[in-house]
Amino acid sequence: MIEKNENGFIDIEVKQLLDWEENEGCIVSDKITKEGWCVGYMYREKGENQYPDSGWRFLKGDEDDVYMNDVDNHHVFSLNTICNYDPAILPYLYSSVGSAYIRVSAHEFVLDKCDREIYFKKQDR
């Protein structure tokens, strides 16, 4: 059984996996941090300067506008914490603003060209 903390997030041990010199904040869908799905779609936009925002956004990949427009369905985390939820994202984090990736296998992402299906996977817990 997956243990959750008092806020409903999956309780994980957070190890230092990433040395990030810039703003480390990112927006993450609750489908990853509360439901236990791996990142299926990730993209980087220009971060908000007034916040510690890396610009990275991490989603399962099937969230619709209704889901995403509800602010209770996504939260801000540090990049290092999300790497602990799904370490497969690590090799892609230094990609430039404007990059977007989809998961195509258990451990591989490719640039999103809107020509492939997302490979959905549950976290190994």
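Going by the structure above, here's the rest.
The rules behind the values
Throughout, a residue's number is its position along its own chain's written sequence, starting from 1. Thresholds applied to this predicted model are a pLDDT of at least 70 for local features of residues and 80 or more for the giving and counting of side-chain atom pairs; totals over whole chains, interfaces and linings are not thresholded and use all residues. To obtain the side-chain values, all non-hydrogen atoms of the structure were included, while hydrogens and water were left out. Secondary structure elements are defined from DSSP: runs of H or I of at least 4 residues count as helices, runs of E of at least 2 residues count as strands, and each element is numbered from the N terminus. Based on C-alpha atoms, the radius of gyration is set beside the globule rule, defined as 2.2 Å times the residue count to the power 0.38. Two residues qualify as a contact provided that any one of their heavy atoms is within 4.5 Å of a heavy atom in the partner residue. When two rings of Phe, Tyr or Trp (its six-membered ring) have centres within 6.5 Å they constitute a pair, described as stacked for plane angles under 30 degrees, edge-to-face for angles over 60, and tilted for the intermediate range. Classification of residues uses two cut-offs on accessible area relative to the type maximum, computed with a 1.4 Å probe and protein chains only: under 20% is buried, over 50% is exposed, and between them is partly exposed.

Visitor: Would you mind showing me how to read the overall build of the protein chain here?
Guide: The number of helices and strands found in the protein chain is 3 helices and 6 strands. Start at the N end of the protein chain and walk to the C end: the helices and strands fall as β-α-β-β-α-β-α-β-β. The C-alpha radius of gyration computed for the protein chain amounts to 14 Å, which stays within 12% of the reference 14 Å derived for 125 residues, consistent with globular compactness. Each of the three principal axes of the protein chain carries a C-alpha extent, and together these read 35 × 35 × 30 Å. Of the contacts formed within the protein chain by residues at least 6 apart in sequence, a portion of 65% connects residues at least 24 apart.

Visitor: How do you make sense of the packing of aromatic side chains when you look at a structure like this?
Guide: The description of an aromatic ring pair rests on the distance of the ring centres and on the angle between the ring planes. If you walk through the whole model with that rule in mind, you get 7 aromatic pairs. Both rings, one in Phe9 and one in Phe77, keep their centres 5.2 Å apart while their planes meet at 90°; by these two values the pair is edge-to-face. Of this pair, Phe9 sits in the segment before β1 (25-29) while Phe77 is found in strand β4 (residues 74-78), placing the two residues 68 residues apart along the sequence. Note on Phe77: relative accessible area 15%, which makes it buried. For the pair Trp56 and Phe58, a centre-to-centre distance of 5.7 Å together with 15° between the ring planes defines the contact as stacked. Take Trp56: its relative accessible area is 0%, and that puts it in the buried class. Overall, Phe58 belongs to the buried group, its relative accessible area being 0%.

By themselves, these observations are geometric and do not establish any function.
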